[in-house]
Amino acid sequence: MKYLSYWHDTAPAFAGGTEGDVEGHFDVAVIGGGFTGLAAARRLAMGGARVVVLEAERVGSGASGRNGGHLNNGLAHSYLAAKAELGKERAIALYRALDESVDEIEALVAEEGIDCNFRRAGKLKLASKPQHFAAIARNFETVHSEVDPDTALLSAADLKNEVGSPFHGAMLSKKSAMMHMGRYATGLADAACRRGAVIYENAAVIDQGKAGARHILQTTRGTVTADQVLVATGAYTTPSFGYFHRRIIAVGSFIIATRPLTDQEVAVTMPGNRTCVNSMNIGNYFRLSPDNRLIFGGRARFSATSDQRSDQKSGEILRESLARIFPRLADVEIDYCWGGLVDMTRDRYPRAGYHDGLWYAMGYSGHGAQFSTHLGMVMADAMLGRDDRNPLKGLDWPAVPGHFGRPWFLPLVGLYYKILDRIR
């Protein structure tokens, strides 16, 4: 078993990073070489800006290369909950922005010729309990009538041709897609470079300040100055950016990937070949890889760390969950096991905007694979002085009470959701 991301291990390496010392002055410095930062850098460079990307490790090394490979439209919350919390107008705007996110990725992949197995697969929100199906059905009725007619409600009988496991029905979101995240990250980085962006890898920002109107960013490889800065670091935001650090909760998410399944195994496991997520609070998400591995993930443990020891423990929990959902695969070989950090906000809505001289986009709360490209482009347009299309503009973002560093409260949160899953 390899304790590394399947996406990282099966993607070509990015070879366009700038060598030598980090130096120079730029119109815009982008901190973070994930989907948000790379999409912003490409857009900024196409708009004529001199732009530099400062990545602490390798492009796509964080959440962009450690997720489940889903590009799901729709919200992290139920649409009904979003309407109640945000109001109908913003809930619709946010839902449609997520639709647009998948459209933009599809268009970008075609325009730049990125070989990343992009495919409109559709997503199933699977009801793990009968009462969950009732809630899914209520949400579907409003979604279908108000914001997304490309949805369908499937019964338990309908699912026999979709998933080889007994669920109580599902909502199908037909616009959702999937792709190879590692190949997309490399392709997006290559595209940003072709458009004129400069990318420095292994250049973690360790200090930041200002001299007049210019931002000064000190990295482990040198120092640059910039007129504008976009912070796109998500769960990997450091205390150097304290405003964001106090508002982001880094939660571990863990994934395993099986050996390639046979055609017969695929037929009895995932015949529909869609992206899937079940309805438990501590749930699981799964899909087939391009080479027919089952990629199976979830919040196996409520932890803020992701090292090999943590990944190994979480992998054992995920294997048990996989065996419960797909008993035929109980003894299947696991080839990959990895973890990453999800940038959760207190209310699980993303945030993007401008604060105290810094532009930012983060807090995707488990929906960043699709939304990050869109928000990166939206923020780039705002920085270029174009129309502000930010669907999150003006949304209040209070700090998490008692959170100044390591999220000590995560085990308590995990216990709370485990209890909810038992009683509801």
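This structure is a prediction, so every number in the text was calculated from the model and none was measured.

Draft legend 1. Fine view of the overall build of the protein chain. For the protein chain, the helix and strand inventory stands at 11 helices and 19 strands. Relative to a compact globule of 424 residues, whose C-alpha radius of gyration would be 22 Å, the protein chain shows 21 Å and is just as compact. Along the first, second and third principal axes, the C-alpha atoms of the protein chain reach 65 × 45 × 45 Å. The burial tally for the protein chain puts 57% of its 424 residues in the buried class.

Draft legend 2. The environment of Gly298, seen in detail. Mapped onto the fold, Gly298 is located in strand S16 (residues 294-298). Sequence separation between Gly298 and Leu108 is 190 residues, and the spatial gap between their C-alpha atoms is 29 Å. When near neighbours in sequence (up to four residues on either side) are disregarded, Gly298 contacts Ser253, Phe254, Gly283, Asn284, Tyr285 and Leu318.

Draft legend 3. How the structure looks around the packing of aromatic side chains. Evaluated as defined, the whole model comprises 13 aromatic pairs. Centroid distance Tyr6 to Tyr336: 5.4 Å. Interplanar angle 80°. Geometry classified as edge-to-face. Of the two residues, Tyr6 is situated in helix H1 (residues 6-9) and Tyr336 in strand S17 (residues 334-344); the sequence distance between them amounts to 330 residues. Centre to centre, the rings of Phe35 and Tyr184 are 4.9 Å apart; their planes meet at 75°, and the pair counts as edge-to-face. Of this pair, Phe35 sits in helix H2 (residues 35-46) while Tyr184 is found in helix H6 (residues 181-194), placing the two residues 149 residues apart along the sequence. The residues Phe35 and Tyr184 share a single accessibility class, namely buried. Pairwise contacts between aromatic rings join Tyr243, Phe244, Tyr360 and Trp397 into one cluster. When the ring centre of Tyr243 is taken as reference, the NZ or CZ atom of Arg247 above it lies at 3.8 Å.

Draft legend 4. Quick peek at empty space enclosed by the protein. Under the definition given, this model contains one cavity of 30 Å³ or more. Surrounding the largest cavity, Leu75, Ala76, His77, Leu94, Leu98, Arg348, Tyr349, Pro350, Tyr364, His367 and Phe371 form its lining. Residue composition of the lining of the largest cavity, by class: eight nonpolar, two polar and one charged.

Draft legend 5. Region of the structure containing unusual backbone geometry. Of note in the backbone geometry, Asn117 takes a positive phi value of approximately 55° without being a glycine. Relative accessible area serves as the criterion here: at 33%, Asn117 is assigned to the partly exposed category. Of note, the phi angle at Arg348 is positive, near 65°, even though the residue is not glycine. Here Arg348 shows up in the loop between S17 and strand S18 (351-355).

Draft legend 6. Quick peek at the packing of helix H4 (residues 88-112) against H6. Here H4 crosses H6 at 65°, and the two axes come no closer than 11 Å. Judged by the twist between their axes, the crossing of H4 over H6 is left-handed. In contact with Ile105, Leu108, Val109 and Glu112 of H4, H6 contributes Tyr184, Leu188, Ala191 and Arg194. When the residues that make up the contact of H4 with H6 are grouped by side-chain class, the tally is six nonpolar, no polar and two charged.

Draft legend 7. Structural view of the sheet that holds strand S3 (residues 70-71). Taken in spatial order, the three strands make up an open sheet running S3-S8-S4, and their pairing is antiparallel. At either end of the open sheet lies a strand with only one pairing partner, and these are S3 and strand S4 (119-120). The pairing of S4 with strand S8 (residues 177-178) spans two bridges and is classified as antiparallel. Bridging from a neighbouring strand, Arg119 pairs with Met178 of S8.

What counts as what
Residues numbered from 1 in each chain as written. Predicted model: local features only at pLDDT ≥ 70, side-chain atom pairs only at ≥ 80, totals over all residues. Heavy atoms only, no water. Helix = DSSP H or I, 4+ residues; strand = E, 2+ residues; numbered from the N terminus. Rg over C-alpha atoms; globule rule 2.2 N^0.38 Å. Buried < 20%, exposed > 50% of the residue type's maximum accessible area, 1.4 Å probe, protein only. Contact = heavy atoms within 4.5 Å. Phe/Tyr/Trp six-rings, centres within 6.5 Å; stacked < 30°, edge-to-face > 60°. Lys NZ or Arg CZ within 6 Å of the ring centre and 35° of its normal. 1 Å grid on protein atoms, 1.4 Å probe; cavity = no way out; pocket = protein on both sides within 12 Å on 5 of 7 lines; lining within 4 Å. Points joined across faces, edges and corners; volume = space filled by probe spheres on them. Nonpolar A, V, L, I, M, F, W, Y, C, P; charged D, E, K, R; others polar. Axes fitted to C-alpha atoms, helices over the stretch in contact; angles between N-to-C directions. Left-handed = near helix turned anticlockwise from the far one by under 90°. Pairing = 2+ DSSP bridges.

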